[in-house]
There are 2 protein chains.
Amino acid sequence: MRSILAVVAICTGAPAVLADPLPSWTEGDAKAAIITFVEAVTEAGGEGFVPARDRIAVFDNDGTLWSEQPVYFQALYALEALRAKAEADPSILSSDVLKAANAGDMAGVMAGGMEGLLEVVNASHANVSVEEFQADVHSFLTTAEHPTSGRLYAEMTYQPMLELLRYLRDEEFTTYIVSGGGIDFIRAISDEAYGIPPWQVVGSEGKSSYALSDSGTGVVMKDGGMSFVDDKEGKPVGIMRHIGQRPIFAAGNSDGDFAMVDWTMAGEGPRFGMLIHHTDEAREFAYDREGHVGVLDRGLSEGPARGWTIVDMAQDWQRVWADGQ
Amino acid sequence: MRSILAVVAICTGAPAVLADPLPSWTEGDAKAAIITFVEAVTEAGGEGFVPARDRIAVFDNDGTLWSEQPVYFQALYALEALRAKAEADPSILSSDVLKAANAGDMAGVMAGGMEGLLEVVNASHANVSVEEFQADVHSFLTTAEHPTSGRLYAEMTYQPMLELLRYLRDEEFTTYIVSGGGIDFIRAISDEAYGIPPWQVVGSEGKSSYALSDSGTGVVMKDGGMSFVDDKEGKPVGIMRHIGQRPIFAAGNSDGDFAMVDWTMAGEGPRFGMLIHHTDEAREFAYDREGHVGVLDRGLSEGPARGWTIVDMAQDWQRVWADGQ
């Protein structure tokens, strides 16, 4: 969009007039803060100018780009996959967390926290190639219905955040997902849902290895078990592994994003940190300081004094979903 | 370059005539094979067309983009750093490999193979932030002299490969380094030396963690010890972690690249696999089936029958170095 306009401007000399980049955001402090920041870092010759190369923006996924209630979508997928697998081979239910998952006991699964969930995910997706796994995930996300909204999972992305991703990319930012969820899971849908290709997705990683099929064709297999948890203090570590430098923009919604936002803000020059506060029970969900999923406590208490922007979903978003309210 | 030409072409209607993209390559089979492949995958409407999004090219680093003799440059850097550290604290010499390294006994170090070398690298660079480490590496590569050539390390990149990287990028490929060397080490120089930014570097990884300084500023620290070895069968695994899909072009120079090239070639549609054969003792080094560094045995025997292009450095390269012969 921007490059087409730029070519038109070069050829005709006409100024390129851009429409409101964030039409689903209510006019208010949050929207104004985003636009002020983007204009500052993109103004050539300006005091806050940041070269396009360094305009790195990172986004949490669950609860930041799409919903995460009543539990992470990956957990709901994993439960379905685990049950199918355990029916064929009950011996895979080798821990209390896995037994709880197979019995549909979500409280029992969540007692293990994020790592418990990831255990379910990994057990349910061992001994499959990355490509086969992703084809199965893609099918689930685009055909199964969310338990409370009745929408397809792939349709539960937030319209205001899609606009923000596009706005930043139009202004020559590179947008990354940095999620506690599984990297292979998110990559199955990230390009289609967000316009974010697989190499701009950072996430938790399961063990994997290279294997040759009977015909001698190489393939990368998911072996089960975790090799890296990209949550909390793991997020800056994951970013340094995959991106190799500190971002200038970070958005999250829970205390699992605290370290990522704090680390981003600690760099020199202009920085933007954002936490989405789920305040909208009517259109989405309302939750913050307590619960098993997406707890936002420390960030809510300390974020404002640290200069982070807190987005009030009920007030700051005129619409939530891409296809309606 | 390409985009500027494209704008000129749009505005004036003039055709964009491109010069020989590989001037340092001798006219011959290798150069012809590269150009034929690139033209096939970039010809809109052609049978072999590959969208720009999927034009992923991966390059080994040591021995493929710059020299690796008499031993990997990272090892030479690590020896220097280890000695400085051991002088202050001899207790860090906790294994035979580390003791050999400190004594300057390269044969003793190489007895441990790539993993032995990486042990030296990690021991010598623990308890330092990624940024501090990279500043030190950058200083070494741009000021210290290579033991036999007398050149600066950063000047020991291969001119024909720099041309190939640029040619591919001009044709909308994305070029990645996929190295057995340390990811943080390579990133210290990759953009300057090759035009490859840190997020397009895949390599072996040391353990790292997030820490807060006394002033509360977050930083990612190198903790010592390996978490991932990106060599041999690890290369396809590293590519799937970082890039998330199979490349269409792979270049290497040793059997450490065999799995990467084999896996790349096994995908559907047009593929290009290349191995550089170090045949040029006069201008660089001559070595292949035997030794401690960059052994090329299986690839030399099996590569041609698999359709891989073997580059004979003495014959196929008119010049080796960016600044001269």
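Owing to the predicted nature of the structure, the values given are computational and were not obtained by experimental measurement.

Some points on the overall build of chain A
For chain A, the helix and strand inventory stands at 14 helices and nine strands. Its C-alpha atoms give chain A a radius of gyration of 21 Å, near enough to 20 Å, the size a compact globule of 325 residues would have. Its C-alpha atoms put chain A at 65 × 50 × 35 Å along the principal axes. Within the span of chain A, comprising 325 residues, buried residues form 47% of the whole. For chain A, contacts bridging at least 24 residues in sequence account for 64% of all contacts bridging at least 6.

Observations regarding the interface of chain A and chain B
Taken together, the contact pairs 30 residues of chain A with 30 residues of chain B. If you list the elements that add at least two residues to the side of chain A that touches chain B, you get α1 (2-12), β4 (201-212), β5 (218-228), α11 (234-242) and α12 (258-265) of chain A. Across the side of chain A that touches chain B, the residue classes break down as 17 nonpolar, seven polar and six charged.

Considering the environment of A40 of chain A
Its place among the elements puts A40 of chain A in helix α2 (residues 29-42). Contact partners of A40 of chain A, with chain neighbours within four places excluded, come to G46, G48 and P270 of chain A.

A few points about the nonpolar core
V58 and V120 of chain A together with V58 and V120 of chain B are the most contacted members of the largest nonpolar core, which totals 167 residues. With seven residues, the top contributor of residues to this core is helix α3 (residues 73-88) of chain B. Not counting chain neighbours up to four residues away, the residues in contact with V120 of chain A comprise A75, A78, L82, V97, L98, A101 and V109 of chain A.

Topic: the relation of the copies chain A and chain B
Rotating chain A by 180 degrees and moving it 0.0 Å along the rotation axis overlays it on chain B with an RMSD of 0.0 Å. Viewed as a symmetry operation, the transformation between the two copies matches a two-fold axis. An overlap of 100% is found between the interface residues of chain A and their copies at the interface of chain B, pointing to a shared contact surface.

A look at the domain arrangement of chain A
Residues and elements named next belong to chain A. For chain A, the domain assignment lists domain 1 (19-70 + 156-316) and domain 2 (73-143). Going through the elements one at a time, β3 (174-182), α9 (183-187), β4 and β5 are the ones with two or more residues in the side of domain 1 that touches domain 2. Examining the composition of the side of domain 1 that touches domain 2, we find that eight residues originate from one element, β5, more than from any other. The residue inventory of the side of domain 1 that touches domain 2, partitioned by class, reads eight nonpolar, nine polar and five charged.

Rules of the game
Residues numbered from 1 in each chain as written. Chains lettered and ligands numbered in written order. Predicted model: local features only at pLDDT ≥ 70, side-chain atom pairs only at ≥ 80, totals over all residues. Helix = DSSP H or I, 4+ residues; strand = E, 2+ residues; numbered from the N terminus. Rg over C-alpha atoms; globule rule 2.2 N^0.38 Å. Buried ≥ 20, exposed ≤ 12 C-beta atoms within 10 Å, placed from the backbone. Contact = placed C-beta atoms within 7 Å. Nonpolar A, V, L, I, M, F, W, Y, C, P; charged D, E, K, R; others polar. Core = buried A, V, L, I, M, F, W, Y, C linked by C-beta atoms within 7 Å. Least-squares fit on C-alpha atoms with pLDDT ≥ 70 in both. Domains from an automatic or database assignment.

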